[in-house]
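Coordinate analysis (summary)
Chain by chain, the residues:
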Amino acid sequence: MYTCSRLYVSRLATISAIRGACPAGGCMMSMCCDHRVMSSVGSIGLNEVQLGIPVPKYWGLLMAKLIGAKAADKLLLTGKLISPAEAKALGMVDQVVDKGQVLEAAEKVMAQLVKVPGGAVKATKISLREDFCSAWQKYYVEEPRMAWALLNSPETLRTLEAALQRLSSGNKGGQSNGRPAQPAARM
Amino acid sequence: MYTCSRLYVSRLATISAIRGACPAGGCMMSMCCDHRVMSSVGSIGLNEVQLGIPVPKYWGLLMAKLIGAKAADKLLLTGKLISPAEAKALGMVDQVVDKGQVLEAAEKVMAQLVKVPGGAVKATKISLREDFCSAWQKYYVEEPRMAWALLNSPETLRTLEAALQRLSSGNKGGQSNGRPAQPAARM
Amino acid sequence: MYTCSRLYVSRLATISAIRGACPAGGCMMSMCCDHRVMSSVGSIGLNEVQLGIPVPKYWGLLMAKLIGAKAADKLLLTGKLISPAEAKALGMVDQVVDKGQVLEAAEKVMAQLVKVPGGAVKATKISLREDFCSAWQKYYVEEPRMAWALLNSPETLRTLEAALQRLSSGNKGGQSNGRPAQPAARM
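A quick note: this is a predicted structure, and the numbers were derived from the prediction, not measured.

**A look at the relation of the copies chain C and chain A**
Superposition of the two copies of the chain requires a rotation about an axis and a shift along the axis. For the pair chain C and chain A, the relating rotation is 120 degrees, the translation along its axis is 0.0 Å, and the fit reaches an RMSD of 0.0 Å. Here the transformation between the copies is reduced to the relation of a three-fold axis. Of the C-alpha atoms belonging to chain C, the one lying closest to the rotation axis is found on glycine 68 of chain C, 4.3 Å away.

This is the structure:
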């Protein structure tokens with residue numbers, strides 16, 4: 001996770017090329033980038049609560065920064081994975097393209113980004129994100145303690161076991177075409 | 001008000017079913033919930049400044065969290081109450097339904113919310129909201145001092161008196177159909 | 001710059017009437033106001049990085065407050081100036097009118113704003129903005145040190161020199177009709 005907050009203030013231009021399913025940690029890594037290109041078939045989100053696991057604090061706050069606190073709350077408290085079209089509408093991804101075009105589209109944007117004077121971009125990115133990152137990094141000490149207690153609670157273990165059973169039985173097909181293994185609560 | 005910041009991080013799923021007019025404190029309580037259902041006739045907002053009273057700091061900041069700082073500024077600095085349709089468009093409420101359907105709609109959402117693993121939702125909600133709440137609770141000490149001075153200023157007393165006179169004369173009918181007693185400044 | 005954070009919490013109602021090009025410092029001053037009216041021909045934004053200069057931290061954070069962190073990131077990291085229509089769509093300005101109507105439109109809004117009880121508005125505005133302003137003012141001490149180093153870096157000097165040459169050759173016409181002198185990277 002330390003890597004992630006560093007990715008978020010990287011001096012490099014960062015683009016996430018997302019092909020297919022992008023739940024949990026994958027979603028978080030993509031949110032640390034400057035730009036997100038996603039294939040038109042897939043799903044994205046922080047679906048932790050559906051597995052009985054809490055969303056890590058700064059992953060949730062990062063989503064709130066990206067799409068607004070209200071929209072993030074809705075998704076995070078239900079563990080809903082969303083479609084590429086919904087992700088585009090919410091501003092979670094910047095572009096949705098055909099599966100075969102993901103890398104090409106990302107490279108096209110990168111070609112534009114690297115034209116902007118690098119030193120100025122780097123300093124601006126740090127200005128905009130350093131306060132968030134330093135709070136995130138401070139939290140590294142506290143986080144494992146709370147997370148460990150929660151991961152070992154009987155409710156979490158029960159929910160995780162059920163989720164693993166679902167995944168190892170018939171639902172793999174559902175996931176490979178980009179849909180979440182478990183339909184999330186709708187609101 | 002202590003109750004409100006506790007409501008905002010309640011371990012329970014919280015839904016606000018709003019029938020008709022929902023100004024000031026009612027609006028704030030509803031903003032502390034996870035989901036808001038509102039009747040199609042009514043009004044909602046923090047209209048304090050129209051009564052010559054400042055919006056309590058964390059009520060205003062909570063609205064800014066919910067609908068964005070810019071939209072909140074506009075509403076709060078003019079004391080405008082908005083219609084259910086406007087509230088839906090701004091993301092201040094999640095659903096608008098016929099007056100008779102409010103409770104039923106709320107129960108339907110609740111039935112979905114309670115299906116999500118409770119421990120994970122509770123921990124996630126606390127992560128997302130604890131920083132806001134602890135700043136809010138710290139402010140309890142400072143708030144009454146400033147508020148008392150403002151409530152006793154001659155300008156506030158004059159405005160409040162005029163508002164009370166308006167309310168006790170002909171404007172009650174206007175309010176029972178959900179419109180604010182006093183039209184707010186338009187921008 | 002001290003002036004700007006004071007403008008942002010001014011006890012007066014503040015309106016920015018924008019005619020034509022509004023880059024960098026002009027954009028920032030307008031973001032400190034309560035309302036922005038812009039002419040239909042023009043451009044607005046913080047285009048610092050296009051000149052090889054970083055966006056001052058609290059200018060960037062103020063834009064993030066106004067139009068959301070994600071939209072602000074996109075504009076600031078590419079130094080893009082946007083059209084009045086784009087600015088309206090993003091919520092960067094509140095109204096777009098014909099060039100000849102800018103002042104008249106601003107006065108019309110002001111006539112509404114001054115009707116709202118002043119003491120309550122003032123206290124509410126301070127509540128909503130004081131935390132941001134006090135962080136901004138604290139940063140005044142640190143800012144010049146970092147800015148000075150960056151402004152004197154060889155890359156910045158090269159980029160600025162090229163920009164000045166562009167401006168002093170053929171591009172003045174382009175700017176007088178409200179378009180940025182240098183097309184920003186598109187994303």
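Next, the rest of the story.
**Points about the pairing of strand β2 (residues 35-45) of chain A**
Residue and element names in this part refer to chain A. Judged by how many residues are buried, β2 sits mostly within the fold: nine of 11 residues are covered. Relative to β2, strand β1 (residues 15-23) runs parallel, the two sharing eight bridges. Paired with isoleucine 15 across the strands is histidine 35, a residue of β2. With respect to chirality, the unit in which β1 leads through helix α2 (residues 24-31) into the neighbouring parallel β2 is right-handed.

**Some points on unusual backbone geometry**
One non-glycine residue, alanine 24 of chain A, lies in positive phi territory at about 45 degrees. Take alanine 24 of chain A: it is sitting in helix α2.

**Brief notes about the state of the cysteines**
What the rule picks out here adds up to zero disulfides over all chains. Cysteine 133 of chain C carries a free sulfur, and the closest cysteine sulfur to it, the one in cysteine 32 of chain C, is 7.4 Å from it.

**Regarding the packing of helix α3 (residues 57-67) of chain C against helix α7 (residues 118-139) of chain C**
Residues and elements named next belong to chain C. Closest axis-to-axis distance for the α3/α7 pair is 10 Å, and the angle between their directions is 160 degrees. Accordingly, the angle class assigned to the pair α3 and α7 is roughly antiparallel. When the axes of α3 and α7 are compared, the crossing they make is right-handed. Together, Lys57, Tyr58, Trp59, Leu61, Leu62 and Lys65 of α3 and Leu128, Phe132, Ala135, Trp136 and Tyr139 of α7 make up the contact between the two elements. Of the residues in the contact of α3 with α7, the class split is nine nonpolar, no polar and two charged.

**Comments concerning the nonpolar core**
In terms of nonpolar packing, the biggest core is built from 40 residues, with Met31, Ile44, Leu46, Met63, Met92 and Trp136 of chain B touching the most fellow members. For this core, the secondary-structure elements that each account for two or more residues are α1 (2-8), β1 (15-23), α2 (24-31), β2 (35-45), α3 (57-67), α4 (69-78) and α7 (118-139) of chain B together with α7 of chain C. Ranked by residues supplied to this core, first place goes to α3 of chain B with eight residues. Contacts of methionine 31 of chain B, omitting those with residues within four sequence positions, involve Tyr8, Arg36, Leu46, Trp59, Leu62, Met63, Leu66 and Met92 of chain B.

**Examining the interface of chain C and chain A**
By a widespread convention, an interface's size corresponds to the accessible area lost as its parts come together. Each side of the interface is counted separately: chain C has 23 residues, and chain A has 25 residues. Roughly 2,000 Å² is buried in total at the junction of chain C and chain A, and carbon and sulfur atoms are behind 61% of that figure. We note a salt bridge from lysine 74 of chain C to aspartate 94 of chain A, for which the minimum N-O separation is 3.3 Å. For the pair chain C and chain A, the interface holds 11 residue pairs in polar contact (both at pLDDT 80 or more). Where the side of chain C that touches chain A is concerned, the elements lending two or more residues are α3, α4 (69-78) and α9 (154-168) of chain C. Counting residues per element, the side of chain C that touches chain A draws most heavily on α4 of chain C, at seven residues. Looking at side-chain class alone, the side of chain C that touches chain A contains 12 nonpolar, five polar and six charged residues.

**Quick word on the sheet that holds strand β3 (residues 95-97) of chain A**
All names here are of chain A. Strand order across the open sheet formed by three strands is β1-β2-β3, with parallel pairing between neighbours. One side of each edge strand has no neighbouring strand; the edge strands of this open sheet are β1 and β3. Sheet twist, expressed as the mean angle between neighbouring strand axes with direction ignored, is 35 degrees. Looking at chain direction, β2 and β3 are connected through three bridges and run parallel. What sits directly across from methionine 38, in β3, is valine 96. Where helix α6 (residues 102-113) meets the sheet, it contacts β1, β2 and β3, and its direction lies at approximately 150 degrees from that of β1.

**Brief notes about the sheet that holds β1 of chain B**
Backbone hydrogen bonds are what pair the strands of a sheet, in a parallel or an antiparallel way. All names here are of chain B. Read across the sheet, three strands follow the order β1-β2-β3 without closing on themselves; strand pairing throughout is parallel. Lying at the two open borders of the sheet, with one neighbouring strand each, are β1 and β3 (95-97). In this sheet, adjacent strand axes meet at a mean angle of 35 degrees when their direction is disregarded. Lying over the sheet, helix α6 (residues 102-113) contacts β1, β2 and β3, oriented at roughly 150 degrees with respect to β1.

**Re the environment of serine 16 of chain C**
Residues and elements named next belong to chain C. As for its placement among the helices and strands, serine 16 is situated in strand β1 (residues 15-23). Sequence spacing of serine 16 and valine 37 is 21 residues, and the spatial spacing of their C-alpha atoms is 6.2 Å. Ignoring sequence-local partners within four residues, the contact set of serine 16 consists of Ser30, Cys33, His35, Arg36 and Val37.

**Some remarks on the side chain of aspartate 73 of chain A**
With respect to the helices, strands and loops of the structure, aspartate 73 of chain A is situated in helix α4 (residues 69-78). A distance of 2.4 Å separates a polar atom in the side chain of aspartate 73 of chain A from a polar atom in the side chain of arginine 129 of chain B.

Calculation notes
Sequence order sets the numbering: in each chain, residues are counted from 1 along the sequence as written. Note on labels: chains are lettered from A, ligands numbered from 1, in written order. Predicted model: local features are reported for residues with pLDDT of at least 70 only, side-chain atom pairs are reported and counted for 80 or more only, and whole-chain, interface and lining totals are derived from all residues. Water and hydrogen atoms were dropped before computing side-chain values, which therefore reflect all heavy atoms in the structure. We superpose the copies by least squares over the C-alpha atoms of residues that have a pLDDT of at least 70 in both of them. We call a residue buried when its accessible area falls under 20% of the maximum for its residue type, exposed when it is over 50%, and partly exposed in between, using a 1.4 Å probe and counting protein chains only. A helix here means a DSSP run of H or I that spans at least four residues, while a strand means a run of E at least two residues long, and both kinds are numbered starting from the N terminus. In this scheme, strands are said to pair when DSSP sees at least two bridges between them. Crossovers are described as right-handed under a simple rule: with the strands pointing away from the observer, the path leading from the first strand over the helix to the second runs clockwise. When two cysteine sulfur atoms are found within 2.5 Å, that pair is recorded as a disulfide. Inter-axis angles, ranging from 0 to 180 degrees, are taken between N-to-C directions of lines fitted to C-alpha atoms, where helices are fitted over the stretch in contact. With respect to orientation, any angle under 35 degrees is reported as roughly parallel, any angle over 145 as roughly antiparallel, any angle of 65 to 115 as roughly perpendicular, and every other angle as oblique. Two helices that cross are described as forming a left-handed crossing if the nearer one is turned anticlockwise from the farther one by less than a right angle, and a right-handed crossing if clockwise. Note on contacts: a residue pair qualifies if any of its non-hydrogen atoms lie within 4.5 Å across the two residues. Residues are sorted three ways: Asp, Glu, Lys and Arg are charged, Ala, Val, Leu, Ile, Met, Phe, Trp, Tyr, Cys and Pro are nonpolar, and all the rest, Gly among them, are polar. By nonpolar core we mean a set of buried residues, namely Ala, Val, Leu, Ile, Met, Phe, Trp, Tyr and Cys, connected to one another through side-chain atoms within 4.5 Å. By buried area we mean the combined loss of accessible area, with a 1.4 Å probe, across both parts when two parts are placed together. By convention in these notes, a salt bridge is any Lys or Arg side-chain nitrogen within 4 Å of a carboxyl oxygen on Asp or Glu. Here a polar contact is taken to be a pair of N or O atoms separated by no more than 3.5 Å, where protein atoms must pair a possible hydrogen donor with a possible acceptor and residues adjacent in sequence count only if both atoms sit in side chains.

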